[in-house]
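These are the residues of each chain, in order.
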Amino acid sequence: MKTDNSGLISCAALSHCVICPRGCGVDRLSGAAGYCGAVGDGVRVSLVSLHKWEEPCLVGADGRGAGTVFFSHCSLRCVFCQNSVISSGGTGIDISVERLAEIFLEQQARGAATLDLVTPTHYTPQIITALREAKARSLTLPVVWNSSGYERADVIRAIADDVDIFLPDMKYIDGESAAKYSGAADYPSIAMNAVREMVSAKGKAVMGADGQMKSGVIVRHMVLPGRRRESMRIVDWLHEEFADDIIISLMSQYTPMYRAKSDARYHEISRRLTTFEYESVTEHALDIGVTRCYTQERRAASVEYVPSFDGSGVISAE
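Below is a summary of the structure that appears in this document. (Residues numbered from 1 in each chain as written. Predicted model: local features only at pLDDT ≥ 70, side-chain atom pairs only at ≥ 80, totals over all residues. Heavy atoms only, no water.)

**A word on the nonpolar core**
Grouped together as the largest cluster of nonpolar side chains are 80 residues, with contacts concentrated most on Phe-80, Leu-100, Phe-104 and Leu-117. Here the element with the most residues in this core is helix 7 (residues 187-202); it accounts for seven residues. By size, the runner-up hydrophobic cluster in this structure holds nine residues, among which are Leu-58, Ile-165, Leu-167 and Ala-205. (Core = buried A, V, L, I, M, F, W, Y, C linked by side-chain atoms within 4.5 Å. Buried < 20%, exposed > 50% of the residue type's maximum accessible area, 1.4 Å probe, protein only. Helix = DSSP H or I, 4+ residues; strand = E, 2+ residues; numbered from the N terminus.)

Here you go:
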């Protein structure tokens, strides 16, 4: 029998918030900030854009771009975060759920190939409410849930009918790495269960005749300096669990930023990834039989690929 998890994703749940695995239980509706930093029943958005650098199956056959909505705050504390100005700094503009629904429709009107919701987890109730309102008003874009992978499996189950494509990270398989670099020793087990739930909900990745993804799961993994063996173990686990039901996206874009750039506690990741490190992981994926996998050009490891979170498109269509 299917369990009713709808209460987890109602805005009333914000009065005792346990939406993410932190389970901090604060009353966000009364003005208290959760562990993530989010407050209230609205959302904070830092940028609305057409993003051409997502996986090819998400940006459209003509490369017009994924319709990204970047949400401020985050439930992780990644010391190398490329978006730290919004994840930890909280930069963004506070808007209502009604305005968020309008943004979704504006992205469709701009010609976005997908609706790409970036770091959405801590705003799950508001986003699902806005999605349902926008769909009632003609939204038909494939909805992409672009998250850190640090998700409750029962929340994923509750939103599965509202999301077409899950795009989680699988950052670590070693709890020690997860604790040191993201402040979440339980990340591996949490993310594994979340990805299992995503694949259970969506099944094998489905592509359209034009190469655009219609539904399914893409799992991203960014290779970190000095951690290629851990990366290989992640690829092993993904392939053993899901074979070709999912698409794996191996990312080479690591650039030392935020605390990893200057804090001596993280000196081992204060450098760029080497070609050997990245290619050894991609070659390992080929060796074990992975066939549905995106790789990334080394030139992607640059600060120029980090968006400018200037609030564009948040208040009004631009």
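Having seen it, we continue.
**Examining the pairing of strand 9 (residues 247-251)**
Most of strand 9 is tucked away: five of the five residues are buried. Neither face of strand 9 is open: one carries Ile-247, Ser-249 and Met-251, the other Ile-248 and Leu-250, and all of them are buried. With five bridges connecting them, strand 8 (residues 213-222) and strand 9 associate as parallel partners. By the bridge assignment, His-221 is partnered in strand 9 with Leu-250. With helix 8 (residues 228-242) bridging strand 8 and the parallel strand 9, this β-α-β connection has right-handed handedness. Relative to strand 10 (residues 293-294), strand 9 is paired through two bridges, and the arrangement is parallel. Residue Ser-249 lies in a different strand from strand 10, and its bridge partner there is Tyr-294. (Pairing = 2+ DSSP bridges. Right-handed = clockwise from strand over helix to strand, strands pointing away.)

**Here we look at the packing of aromatic side chains**
In the structure shown here, the tally under the stated rule is seven aromatic pairs. Between Phe-71 and Tyr-123, the ring centres sit 5.9 Å apart and the planes meet at 45°, which makes this aromatic pair tilted. Here the residue Phe-71 occupies a position in strand 2 (residues 66-71), and Tyr-123 occupies one in the loop between strand 4 (115-118) and helix 4 (124-136), the gap between them amounting to 52 residues. Residue class for Tyr-123 comes out buried when judged on its relative accessible area of 2%. Counting every residue linked through ring pairs, the aromatic cluster contains Tyr-150, Tyr-172 and Tyr-187. (Phe/Tyr/Trp six-rings, centres within 6.5 Å; stacked < 30°, edge-to-face > 60°.)

**A short note on unusual backbone geometry**
What is expected of a backbone is that most residues other than glycine have negative phi and most peptide bonds are trans. Here the phi dihedral of His-73 falls at roughly 80°; this positive angle occurs in a residue that is not glycine. Topologically, His-73 is positioned in the loop between strand 2 and helix 2 (84-87). Positive phi is not limited to glycine here, since Thr-119 has a value of about 55°. Take Thr-119: it is sitting in the loop between strand 4 and helix 4. Among the residues examined, Thr-119 registers a relative accessible area of 24% and is labelled partly exposed.

**Here's the deal with the packing of helix 7 against helix 8**
Packed helices, taken two at a time, are described by the angle their axes make and the gap between the axes. Axis separation between helix 7 and helix 8 bottoms out at 12 Å; the angle between their running directions is 35°. As helix 7 runs across helix 8, the sense of the crossing is right-handed. Within the contact between the two elements, helix 7 uses Met-192, Val-195, Arg-196 and Val-199 and helix 8 uses Trp-237, Glu-241 and Phe-242. For the contact of helix 7 with helix 8, the per-class residue count stands at five nonpolar, no polar and two charged. (Axes fitted to C-alpha atoms, helices over the stretch in contact; angles between N-to-C directions. Left-handed = near helix turned anticlockwise from the far one by under 90°. Contact = heavy atoms within 4.5 Å. Nonpolar A, V, L, I, M, F, W, Y, C, P; charged D, E, K, R; others polar.)

**Considerations on the pairing of strand 1 (residues 43-51)**
Most of strand 1 sits inside the fold, with seven of its nine residues counted as buried. Taken together, the three bridges between strand 1 and strand 3 (residues 93-95) define a ladder with antiparallel strand orientation. What sits directly across from Val-43, in strand 3, is Ile-95. Two elements, strand 1 and strand 2, share six bridges in a ladder whose sense is antiparallel. The residue bridging Leu-50 from the neighbouring strand is Gly-67, located in strand 2.

**Some thoughts on the packing of helix 8 against helix 10 (residues 275-287)**
In contact at an axis separation of 9 Å, helix 8 and helix 10 are set at 20° when each is read in the N-to-C sense. The angle between the axes of helix 8 and helix 10 places the two elements in the roughly parallel class. You can see that helix 8 and helix 10 cross each other, and the crossing is right-handed. Seen from helix 8, the contacting residues are Arg-228, Ser-231, Met-232, Val-235 and Asp-236; seen from helix 10, they are Phe-276, Glu-277, Ser-280, Val-281, His-284 and Ala-285. (Parallel < 35°, antiparallel > 145°, perpendicular 65-115°, else oblique.)

**With respect to the pattern of salt bridges**
For the structure on display, the rule yields 15 salt bridges. Where Asp-62 meets Arg-64, a salt bridge forms, and the shortest distance between an N and an O atom there is 2.9 Å. With relative accessibility at 57%, the residue Asp-62 sits in the exposed group. Given a relative accessible area of 31%, Arg-64 falls into the partly exposed group. Among the ionic pairs, Lys-171 bridges to Asp-169, the shortest N-O distance being 3.0 Å. A cluster of three or more residues bridged by salt bridges with shared partners is formed by Glu-54, Glu-55 and Arg-220. (Salt bridge = Lys/Arg side-chain N within 4 Å of Asp/Glu carboxyl O.)

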